Amino acid sequence: MTGTSPRRRPSQAVYRRRRLVLIIGLLVIAAVVWLLIAQPWAGAATTSSDEKSPAKNTAEALPVPSSQATTGGTATGAVEGAVVEGQTPTPGATPTAQPCVASEITVEPVTSADTYAGDQQPQFTITLTNNGPDCTMNVGTSAQSFTVTSGDDIWWRSTDCQSEPSDMIVLIAAGQTVSSATALSWDRTRSAVGTCADGNRPMAPGGGASYHLSVEIGGIPSTEPKQFLLY
């Protein structure tokens, strides 16, 4: 009579192999779940794209310089109340645009009024128009200047008491016109480096006196000054 031979139990080596296969399988499943949820490649792609782009922003509005000699202006680099005319820039515009050419950019000084009463402070802005193809330009507060003259006498410069100037490289679309986000105020006093904190600086004469505003941005000056009168 033949009996059934007893079933042999797997060896310890087999147990170890099975346990190793199970652990590897669990690790693979966990890695797949993490990749699907975390998507680590998303941040890497964004960083690579930004590094290749020479223009970190598209032009929406020009920041306004900050100066101890003025009131009413916004802080350096602030952009609020965007004022954009003409073609609106679109996200993802050509990142390989070349720097703007001065002959293709029109820069204009703008005053909030033609005449100012004795209790009114003139408000200044810059408007620039790109008459050429898409291009990049530094429109930051470090690249801007406002100058008020009366005849040959320079009465006020925004750069005399400017604080914390900064760069801002933007892409300006072909045909686009961009203006200052907000106006820069002039307190009607004479500016000079070293007198920014003085409270008794000479006041600009009124009584219908004529003054002219000239501006510059990105190394490109305005072609014509803007006249205004103080009373």
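Calculation criteria
Residues numbered from 1 in each chain as written. Predicted model: local features only at pLDDT ≥ 70, side-chain atom pairs only at ≥ 80, totals over all residues. Heavy atoms only, no water. Pairing = 2+ DSSP bridges. Helix = DSSP H or I, 4+ residues; strand = E, 2+ residues; numbered from the N terminus. Buried < 20%, exposed > 50% of the residue type's maximum accessible area, 1.4 Å probe, protein only. pLDDT = per-residue confidence, 0-100. Contact = heavy atoms within 4.5 Å. Salt bridge = Lys/Arg side-chain N within 4 Å of Asp/Glu carboxyl O.

Trainee: What exactly am I supposed to notice about the sheet that holds strand S3 (residues 98-99) here?
Mentor: Hydrogen bonds between backbone groups are what pair the strands of a sheet, and the pairing can be parallel or antiparallel. Read across the open sheet, the four strands follow the order S1-S10-S7-S3; overall the sheet is mixed. The open sheet is flanked by strand S1 (57-58) and S3, the only strands paired with a single partner.

Trainee: Would you explain the pairing of strand S13 (residues 209-217) in this entry?
Mentor: Side chains on a regular strand alternate between the two faces of the sheet. Here S13 shows a clear split, with Ala209, Tyr211, Leu213, Val215 and Ile217 buried on one side and none of Ser210, His212, Ser214 and Glu216 buried on the other. Note: strand S8 (residues 144-150) against S13, six bridges, orientation antiparallel. Within S13, the position partnered with Val148 by the bridge is Leu213. Where S13 lies against strand S15 (residues 226-230), five bridges are found, and the strand directions are antiparallel. Bridge pairing in S15 links Leu213 to Lys226. Taking the residues between adjacent antiparallel strands as the criterion, S13 and strand S14 (residues 220-221) are bridged by two residues, where Gly218 takes a positive phi near 60 degrees.

Trainee: Could you clarify how one ought to interpret the confidence of the model for the protein in this entry?
Mentor: When pLDDT drops low, the exact placement of atoms in the prediction is not to be read closely. When pLDDT is averaged across the protein, the result is 79; 71% of the residues are at 70 or more. In this model, residues 40-55 is a region of pLDDT below 50 whose contacts with residues beyond four sequence positions or in other chains number twelve contacts. pLDDT under 50 marks residues 68-95. Its contacts with residues more than four places away, or in other chains, come to 72 contacts.

Trainee: Mind showing me how you'd approach the environment of Leu184 here?
Mentor: Its place among the elements puts Leu184 in strand S12 (residues 184-185). Leu184 gets classed as buried once you look at its relative accessible area, which sits at 1%. Residues Leu184 and Ser66, spaced 118 residues apart in sequence, show a C-alpha to C-alpha distance of 8.3 Å.

Trainee: Help me understand the pattern of salt bridges in this model?
Mentor: If the charged atoms of two oppositely charged side chains come close together, the side chains can form a pair. Counting across every chain of the model gives three salt bridges. Residue Asp153 is joined to Arg190 by a salt bridge in which the shortest nitrogen-to-oxygen separation is 2.9 Å. Remark: Arg190 occurs in the loop between S12 and S13 and Asp153 occurs in strand S9 (residues 153-157); sequence separation between them is 37 residues. Asp153 gets classed as partly exposed once you look at its relative accessible area, which sits at 31%. Taking the relative accessible area as the measure of exposure, Arg190 reaches 27% and is therefore partly exposed. A salt bridge links Arg201 to Asp187; the nearest nitrogen and oxygen atoms lie 3.8 Å apart. Within this pair, whereas Arg201 is found in the loop between S12 and S13, its partner Asp187 is found in the loop between S12 and S13, the two being separated by 14 residues in sequence. A residue is classified by how much of its surface remains accessible, and Arg201, at 7% relative accessible area, is buried.

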